[in-house]
Amino acid sequence: AQTVTQSQPEMSVQEAETVTLSCTYDTSESDYYLFWYKQPPSRQMILVIRQEAYKQQNATENRFSVNFQKAAKSFSLKISDSQLGDAAMYFCAYRSNDMRFGAGTRLTVKP
Amino acid sequence: DVKVTQSSRYLVKRTGEKVFLECVQDMDHENMFWYRQDPGLGLRLIYFSYDVKMKEKGDIPEGYSVSREKKERFSLILESASTNQTSMYLCASSSQRTGAPSGEKLFFGSGTQLSVL
């Protein structure tokens, strides 16, 4: 089965600074999708960004971008110009048929 | 907007009780999922259903069963609740593109925090 690993249980960033959250995964498949979800204290899961494995170009959504390294099976999330509202749990996820998640990284944003 | 509704936000049950967690989606999605979320472990897949009356085991199906008699409803059943099933349970749904793999995002409910005493 596919596994997703987030090695940083907690991260902290100063407001307006940049932070990178790490994610690696293990799979033998060549075609799949990768996601980053955000979970604020409300518990609602919110999609941040999605990457198709067959696309070499890294996905970008406003202040959020990814660094997708297919050969290394790495999928990190970069948050630029961090805002207080970015504080949340962030989950990396892998999907081919079902969806598997990592253990999460709790991001704190300091004013 | 897609809506995924979980019947209870908080639930307290006793050991040995049979527990039903209900999930309903209003977007005619083929795929539905049940996860449990625990600190330090993230979301772990319990069961997945890709169509009515179809189900697949996830990573931790022991102690759970599911029912999908109608497309919009996916129920998680704890046959005999135990204290180690105290957790937050999240339901999700997605559409299914023709063929695999599916890159569709999951839409989540707000979760049910279950406490088994």
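Anything mentioned here points back to the structure above.
As the structure is a computational prediction, the values presented were derived from the model and not from experiment.

Chemist: What exactly am I supposed to notice about the sheet that holds strand β9 (residues 75-78) of chain B here?
Modeler: Strand pairing in a sheet takes place through backbone hydrogen bonds and is either antiparallel or parallel in direction. Residues and elements named next belong to chain B. Spatial ordering of the open sheet is given by β3-β9-β8, a layout of 3 strands whose pairing is antiparallel. A single partner strand is all that each edge strand has here, and the edge strands are β3 (19-21) and β8 (64-67). Averaged over all pairs of adjacent strands, the angle between their axes in this sheet comes to 25 degrees, without regard to strand direction. The sheet contact formed by β8 and β9 spans 4 bridges and is antiparallel.

Chemist: What is the right way to read the state of the cysteines from this model?
Modeler: In a disulfide, the sulfur atoms of two cysteines are covalently bonded to one another. Within this structure, the stated rule accounts for 2 disulfides over all chains. A sulfur-sulfur distance of 2.0 Å marks the disulfide that ties Cys23(A) to Cys92(A). Every disulfide takes its handedness from the sign of the S-S torsion; for Cys23(A) and Cys92(A) that torsion is -70 degrees, giving left-handed. Highlighted residues: Cys23(A) in the loop between β3 (19-21) and β4 (24-26) and Cys92(A) in strand β10 (residues 88-95), separated in sequence by 69 residues. This pair shows no difference in class: Cys23(A) is buried, exactly as Cys92(A) is. Residue pairing for Cys23(B): its cysteine sulfur links by disulfide to Cys91(B), the two sulfurs lying 1.9 Å apart. An S-S torsion of about -80 degrees defines the bridge between Cys23(B) and Cys91(B) as left-handed.

Chemist: Looking at this model, I keep getting lost on the layout of surface pockets. Mind explaining?
Modeler: Size it by volume and the largest pocket reaches roughly 480 Å³. Gln39(A), Met89(A), Arg106(A), Gln37(B) and Pro39(B) are the residues nearest the centre of the largest pocket, which is lined by 23 residues in total. Contributing elements (two or more residues each) for the lining of the largest pocket: β10 and β12 (105-110) of chain A together with β5 (31-38) of chain B. Grouping the amino acids of the lining of the largest pocket by side-chain chemistry returns 11 nonpolar, 8 polar and 4 charged. Its boundaries defined by the atoms lining it, the second largest pocket holds a volume of some 200 Å³. For the second largest pocket, the lining is made up of 15 residues, of which Val4(A), Phe101(A), Leu43(B), Arg44(B) and Asp59(B) are closest to its centre. Elements with a contribution of two residues or more to the lining of the second largest pocket: β1 (3-5) and β11 (99-101) of chain A together with β6 (42-49) of chain B. When the residues that make up the lining of the second largest pocket are grouped by side-chain class, the tally is 7 nonpolar, 5 polar and 3 charged.

Chemist: Before we go on, may I ask you to explain the packing of aromatic side chains in this structure?
Modeler: Two aromatic rings are characterised by how far apart their centres lie and by the angle between their planes. Within this structure, the stated rule accounts for 15 aromatic pairs over all chains. With a centroid separation of 6.3 Å and 25 degrees between ring planes, the pair formed by Trp36(A) and Phe75(A) is classed as stacked. Of this pair, Trp36(A) sits in strand β5 (residues 33-39) while Phe75(A) sits in strand β9 (residues 74-79), and the two are 39 residues apart along the sequence. Take Phe75(A): its relative accessible area is 0%, and that puts it in the buried class. Between Phe33(B) and Phe48(B), the aromatic rings sit 4.7 Å apart at their centres with planes inclined by 20 degrees, giving stacked as the arrangement.

Chemist: I keep staring at the nonpolar core and nothing clicks. Help me out?
Modeler: Counting residues in each nonpolar core, the largest one holds 25 residues, and the members touching the most others are Tyr25(A), Trp36(A), Phe75(A), Leu77(A) and Tyr90(A). Here this core gets 4 residues from one element, more than from any other, and that element is β10(A).

Chemist: Mind showing me how you'd approach the interface of chain B and chain A here?
Modeler: Interfaces are often sized by the amount of accessible area the parts lose when they come together. Contacts between chain B and chain A engage 31 residues on the former and 23 residues on the latter. Taken together, the connections running from chain B to chain A amount to 1 salt bridge. Breaking the side of chain B that touches chain A down by element, the ones donating at least two residues are β5, β6, β10 (87-94) and β12 (112-116) of chain B.

Analysis parameters
- Residues numbered from 1 in each chain as written.
- Chains lettered and ligands numbered in written order.
- Predicted model: local features only at pLDDT ≥ 70, side-chain atom pairs only at ≥ 80, totals over all residues.
- Heavy atoms only, no water.
- Pairing = 2+ DSSP bridges.
- Helix = DSSP H or I, 4+ residues; strand = E, 2+ residues; numbered from the N terminus.
- Axes fitted to C-alpha atoms, helices over the stretch in contact; angles between N-to-C directions.
- Disulfide = S-S within 2.5 Å.
- Buried < 20%, exposed > 50% of the residue type's maximum accessible area, 1.4 Å probe, protein only.
- 1 Å grid on protein atoms, 1.4 Å probe; cavity = no way out; pocket = protein on both sides within 12 Å on 5 of 7 lines; lining within 4 Å.
- Points joined across faces, edges and corners; volume = space filled by probe spheres on them.
- Nonpolar A, V, L, I, M, F, W, Y, C, P; charged D, E, K, R; others polar.
- Phe/Tyr/Trp six-rings, centres within 6.5 Å; stacked < 30°, edge-to-face > 60°.
- Core = buried A, V, L, I, M, F, W, Y, C linked by side-chain atoms within 4.5 Å.
- Contact = heavy atoms within 4.5 Å.
- Salt bridge = Lys/Arg side-chain N within 4 Å of Asp/Glu carboxyl O.

In short, geometric facts, not functional conclusions.
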